[in-house]
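# Structural characterization, general
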Amino acid sequence: MISRFEVQETNKMIDNYNLDVRTITLGISLLDCITDDLDKLNDNIYNKIKGLASNLVETGEAISKEYGIPIVNKRISVTPIALVGGQACKTSDDYVTIAKTLDKVAKEVGVNFLGGYSALVNKGMTNAEELLIKSIPKALAETERVCSSVNVGSTKTGLNMDAVRLMGEIVKETAENTKDEDSLGCAKLVVFCNAPDDNPFMAGAFHGVTEADAVINVGVSGPGVVRHAIKKVRGESFDVLCDTIKKTAFKVTRVGYMVANEAAKRLGVPFGIIDLSLAPTPAVGDSVANILEEIGLERAGAPGTTAALALLNDQVKKGGVMASSYVGGLSGAFIPVSEDQGMIEAVEEGALTLEKLEAMTCVCSVGLDMIAIPGDTSASTISGVIADEAAIGMINQKTTAVRIIPVIGKNVGEEVEFGGLLGRAPIMPVNKFSCEDFISREGRIPAPIHSFKN
């Protein structure tokens, strides 16, 4: 039972410190849509999603109005399309027809993004998976709301370096295909290691094959709430600091838990998980970088940044799991440059570099996220960045990801404006030395020795 005091405290966090439910994501299995007839497959996909998600947006808005809690996004995730289309799709263009079907139904039900145009190739690629991956640049250029992800490695299987090499080329081609929109297609494409099956956040959400037919996953966020809480304990010990973050994370997660259960009940589908992720927005006061600065750094990127982020990430997880038995997804702190005003300022002042961000990903919840780089960066260099990030995830048994945007026609010293929650990004320099001979090797990097658990 939620007390009157908790309600009043929640209202204050909403009104003053940008607390919100960032997304209600309806995961939908498309496994029962599979057929070898492409037209029939597209019809099955459309009808399945339309039937389950037609009331999603209306339900989210009703809950938001009744409880006074902002629910920013209503989204859908589906079974990785490489699996769903494997029988029917004989060419990459066949897969693009599915992307267009997904985009059509996403618009009709009113969600702002639909994730799951995905392939899981951490150990090898089937012909179908390769066709889907090669279709991504065209699919993202010809749709508005479809998001794509590719998992190229895991702690258990190692890294599929053939997929890593291919994804560097795909990112580059996606940038070219959407260059009239400042290469925006790359903002809807994520490359993972150890991708979670129940992530509600875009662009990396997909509905895992071990999930139920339909499930509600909720992502809740509150960087501004955490920053305000720790501002009250300036100069106190680490014990006090950690307890403050944990207690705040608990309160934030309770809000998401209430919304998730209510949404699941009204939609008639099971509740899956709460993802408590400190996901920043470009709004002033809604920044993970500002939390790190409140902890005691002059600027995000200063010495001590990785340690401060490790502390923050761990305490958020500990507080979250006390509020719900079903905390999952990514849960922790996100560090997307373009979506965090404090990160943007740190980059512009020279405090934060690509290499420092990579170090920070060792201890945060995701990886190199929403980073704009020069448009003439080579595909092999992008593959090298993906390989580095995936190796961190593989060795450390955690999710890592790369969402990097080579902005065609722009260079270091310029910036790109994406607008909305995607924000703006200064173009960051990339190491100029080549890794092409390394990336051109074929095969896999084997799984680490500590992956053998049986």
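Here the structure is a predicted model, which is why all the values come from computation and not from measurement. (Residues numbered from 1 in each chain as written. Predicted model: local features only at pLDDT ≥ 70, side-chain atom pairs only at ≥ 80, totals over all residues. Heavy atoms only, no water.)

## Looking at the overall build of the protein chain
Within the protein chain, the secondary structure is distributed over 15 helices and 15 strands. Taken over the C-alpha trace, the protein chain has a radius of gyration of 21 Å; the compact-globule value for 454 residues is 22 Å, and the two agree within 12%. Taken along the three principal axes of its C-alpha coordinates, the protein chain extends 60 × 55 × 50 Å. Considering the protein chain as a whole, with its 454 residues, one finds that 61% of them fall into the buried category. Long-range pairs, those at least 24 residues apart, make up 78% of the contacts in the protein chain between residues at least 6 apart in sequence. In the structure as shown, the protein chain presents an accessible area of about 17600 Å², 50% of it carried by carbon and sulfur atoms. (Helix = DSSP H or I, 4+ residues; strand = E, 2+ residues; numbered from the N terminus. Rg over C-alpha atoms; globule rule 2.2 N^0.38 Å. Buried < 20%, exposed > 50% of the residue type's maximum accessible area, 1.4 Å probe, protein only. Contact = heavy atoms within 4.5 Å. Areas by Shrake-Rupley, 256 points an atom, 1.4 Å probe, with all protein chains shown as cover.)

## Structural notes on the sheet that holds strand β8 (residues 214-221)
Reading across from one edge, β10-β9-β8-β1-β2-β3-β4-β7-β12-β11 is the order of the 10 strands in this open sheet, with mixed pairing throughout. Both outer strands of the open sheet, β10 (332-333) and β11 (368-374), are each paired with one neighbouring strand and no more. The sheet contact formed by strand β4 (residues 146-151) and strand β7 (residues 189-193) spans 4 bridges and is parallel. Residue pairing in the sheet places V150 in a bridge with V191 of β7. (Pairing = 2+ DSSP bridges.)

## A few points about the nonpolar core
Core analysis: the largest hydrophobic core is formed by 130 residues, its most contacted members being I49, I76, I81, Y117, I216 and L312. Sort the elements by how many residues they give to this core and helix α9 (residues 238-267) lands first, with 11 residues. Residues in contact with I49, not counting those within four places in the same chain, are I28, L30, S54, I76, V78, L102, V105 and L114. (Core = buried A, V, L, I, M, F, W, Y, C linked by side-chain atoms within 4.5 Å.)

## Section: the state of the cysteines
Using the criterion set out here, one finds 0 disulfides in the structure. Its sulfur unpaired, C147 is 12 Å from the next cysteine sulfur, which belongs to C186. A disulfide-free cysteine, C362 has its sulfur positioned 8.7 Å from the sulfur of C364, the nearest such atom. What makes C362 partly exposed here is its relative accessible area of 32%. (Disulfide = S-S within 2.5 Å.)

## Observations regarding a negative patch on the surface
On the surface, a cluster of negative charge is made up of D36, D37, D39 and D43. Along the polypeptide, D43 turns up in helix α2 (residues 38-53). (Patch = residues over 30% accessible without salt bridge, like charges linked within 9 Å, V, L, I, M, F, W, Y side chains within 5 Å. Salt bridge = Lys/Arg side-chain N within 4 Å of Asp/Glu carboxyl O. Lys, Arg positive; Asp, Glu negative; His and termini not counted. Charge placed at Lys NZ, Arg CZ, Asp CG, Glu CD.)

## Considering the sheet that holds strand β5 (residues 153-154)
Reading across the sheet, the 3 strands line up as β5-β6-β15 and stay open at both edges, with antiparallel pairing between neighbours. The strands lining the two open edges of the sheet, one partner per strand, are β5 and β15 (444-445). Examined bridge by bridge, strand β6 (residues 158-160) and β15 share 2 bridges and lie antiparallel to one another. Its bridge partner being in β15, L159 is matched across the sheet by I445. Of the strands in this sheet, β6 and β15 touch helix α7 (residues 161-177), which is tilted by about 45° from β6. This element, helix α14 (residues 379-396), spans β5, β6 and β15 of the sheet and lies at about 155° to β6. (Axes fitted to C-alpha atoms, helices over the stretch in contact; angles between N-to-C directions.)

## With respect to the environment of L159
Among the structural elements, L159 can be located in strand β6. Separated by 38 residues in sequence, L159 and V121 place their C-alpha atoms 9.2 Å apart. Here L159 is in contact with N122, V152, G153, C193, A387, A390, A391, M394, G443, R444 and I445, once residues within four sequence places are set aside.

## Focus on the layout of surface pockets
Here the idea is plain: a probe the size of a water molecule rolls over the atoms and shows the empty space left. In this structure, the largest pocket encloses a volume near 450 Å³. Residue composition of the lining of the largest pocket, grouped by class: 18 nonpolar, 6 polar and 6 charged. (1 Å grid on protein atoms, 1.4 Å probe; cavity = no way out; pocket = protein on both sides within 12 Å on 5 of 7 lines; lining within 4 Å. Points joined across faces, edges and corners; volume = space filled by probe spheres on them. Nonpolar A, V, L, I, M, F, W, Y, C, P; charged D, E, K, R; others polar.)

## Describing the packing of helix α5 (residues 92-109) against helix α6 (residues 127-141)
With their axes 8 Å apart at the nearest point, α5 and α6 run at an angle of 60° to one another. By the angle between their directions, the pair α5 and α6 is classed as oblique. In this structure, α5 meets α6 at a crossing whose hand is right-handed. Here S92, D93, Y95, V96 and A99 of α5 lie close against α6, whose contacting residues are A128, L131, L132, K134, S135, K138 and A139. Of the residues that constitute the contact of α5 with α6, the class distribution is 7 nonpolar, 2 polar and 3 charged. (Parallel < 35°, antiparallel > 145°, perpendicular 65-115°, else oblique. Left-handed = near helix turned anticlockwise from the far one by under 90°.)

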